[in-house]
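These are the residues of each chain, in order.
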Amino acid sequence: MAKADKAESARREAAIYRQLLDGWPTARIVENARVEWSIGPAQTYRYIGRAWEAIAAEAARDRSDHHGRAVAAAYAMLADCESVTERLKVWHTLARLLGLYAAKSIDLA
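Notes on the structure follow. Please read all numbers here as calculations on a predicted model, not as lab measurements. Note on numbering: residues in each chain are counted from 1, in written sequence order. Totals for whole chains, interfaces and linings use every residue, but because this is a predicted model, local features are given only for residues with pLDDT of at least 70 and side-chain atom pairs only at 80 or more, for both listing and counting. For side-chain calculations, the full set of non-hydrogen atoms in the structure is used, while hydrogens and water are omitted.

## Observations regarding helix 3 (residues 41–80)
A helix here means a DSSP run of H or I that spans at least four residues, while a strand means a run of E at least two residues long, and both kinds are numbered starting from the N terminus. Residue count minus one, scaled by 1.5 Å, sets the expected span of a helix. Its 40 residues place the ends of helix 3 58 Å apart at the C-alpha level, agreeing with the 58 Å of an ideal helix rising 1.5 Å per residue. Of the positions making up helix 3, those classed as buried are Thr44, Tyr47, Ile48, Ala51, Ile55, Val71, Ala74 and Leu78. Residue contacts are defined here by distance: any two heavy atoms, one from each residue, within 4.5 Å place the two residues in contact. Those residues of helix 3 hidden inside the fold are in contact with helix 1 (6–21), helix 2 (26–37) and helix 4 (84–97). Only protein chains enter the accessibility calculation, which uses a 1.4 Å probe; a residue whose area is less than 20% of its type maximum is buried, one above 50% is exposed, and one in between is partly exposed.

Okay, here's the thing in structure tokens:
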């Protein structure tokens, strides 16, 4: 087993990234890595960890973009409100989007 260079490691991580997005279970990914690249579970788990970090980073960017668009849309809706009741509903939505309300309590019992 020769050590993979940076380019090969990036290819392996990208392959595992796609496998995770396709819903492969961890055991199948580990077995596939053993067969395809002749690497052990420990190295495969490191690749899986980096792939999950990449997935999380991508999801955070997408969520941030969607959040920004939702806030902008809510502000735009304020201009179209014709009554105080409509304005209050939009402001309530904005307050929730911006996290201005206290967190709701969770009953763990």
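## Describing the nonpolar core
Take the buried residues of types Ala, Val, Leu, Ile, Met, Phe, Trp, Tyr and Cys, join any two whose side-chain atoms come within 4.5 Å, and each joined set is a nonpolar core. Counting 12 residues, the largest nonpolar core consists of Ala15, Ile16, Leu20, Ile29, Val30, Ala33, Trp37, Ile39, Tyr47, Ile48, Ala51 and Ile55. Looking at this core, the elements with two or more residues in it are helix 1, helix 2 and helix 3. What Ile16 contacts, discounting residues up to four positions off in sequence, is Ile29, Trp37, Thr44, Tyr47, Ile48 and Ala51. Grouped together as the second largest cluster of nonpolar side chains are 6 residues, Val71, Leu78, Val90 and Leu94 included.

## Describing the packing of helix 1 against helix 2
Two numbers describe how helix 1 lies on helix 2: the axes approach to 11 Å, and their chain directions differ by 145 degrees. In terms of crossing hand, the pair formed by helix 1 and helix 2 is right-handed. Of the residues in helix 2, those touching helix 1 at Glu8, Arg12, Ala15, Ile16, Gln19 and Leu20 are Ile29, Asn32 and Trp37. For this scheme, ten residues count as nonpolar: Ala, Val, Leu, Ile, Met, Phe, Trp, Tyr, Cys and Pro. Four count as charged, namely Asp, Glu, Lys and Arg, and the remainder, Gly too, count as polar. Here the residues of the contact of helix 1 with helix 2 are counted per class, giving 5 nonpolar, 2 polar and 2 charged. Only the stretch in contact is used when fitting a helix axis, every axis being a line fitted to C-alpha atoms; angles between N-to-C directions are given from 0 to 180 degrees. Crossing handedness: left-handed means the near helix sits turned counterclockwise from the far one by under a right angle, and right-handed means the same turn made clockwise.

## Section: a nonpolar patch on the surface
Patches draw on residues past 30% relative accessible area with no salt bridge. Two like charges within 9 Å are joined, as are two nonpolar side chains (Val, Leu, Ile, Met, Phe, Trp, Tyr) within 5 Å. Here the Shrake-Rupley method, with its probe set to 1.4 Å, supplies the accessible areas, and only the displayed protein chains count as covering residues. By definition, a salt bridge exists where a carboxyl oxygen of Asp or Glu is found within 4 Å of a side-chain nitrogen of Lys or Arg. A surface patch of nonpolar side chains, about 440 Å² in accessible area, is lined by Tyr75, Trp91, Leu98 and Leu100. Following the sequence through the fold, Leu100 ends up in the segment after helix 4. Residue classification places Leu100 among the exposed residues on the basis of a relative accessible area of 62%.

## Notes on the packing of helix 1 against helix 3
For the pair helix 1 and helix 3, interaxial distance at closest approach is 8 Å and the crossing angle is 65 degrees. In terms of their interaxial angle, helix 1 and helix 3 are classed as roughly perpendicular. For the pair helix 1 and helix 3, the crossing hand works out as right-handed. Contacts between helix 1 and helix 3 pair Ser9, Arg12, Glu13, Ile16, Tyr17, Leu20 and Leu21 from the former with Thr44, Tyr47, Ile48, Arg50, Ala51, Trp52, Ala54, Ile55 and Glu58 from the latter. Each angle gets one of four labels, with under 35 degrees taken as roughly parallel, over 145 as roughly antiparallel, 65 to 115 as roughly perpendicular, and the rest as oblique.

## Quick word on the packing of aromatic side chains
For Phe, Tyr and Trp, where Trp contributes only its six-membered ring, two rings pair if their centres lie within 6.5 Å, and the inter-plane angle classes them as stacked under 30 degrees, edge-to-face over 60, or tilted in between. By the definition in use, this model includes 1 aromatic pair. Relative to Trp91, the ring of Tyr75 lies with its centre 6.2 Å away and its plane at 85 degrees, an arrangement referred to as edge-to-face. Remark: Trp91 occurs in helix 4 and Tyr75 occurs in helix 3; sequence separation between them is 16 residues. Geometrically, a charge over a ring is one whose NZ (Lys) or CZ (Arg) sits within 6 Å of the ring centre while staying within 35 degrees of the ring normal. Between Arg28 and the ring centre of Trp24, over which it is positioned, the NZ or CZ distance is 3.8 Å.

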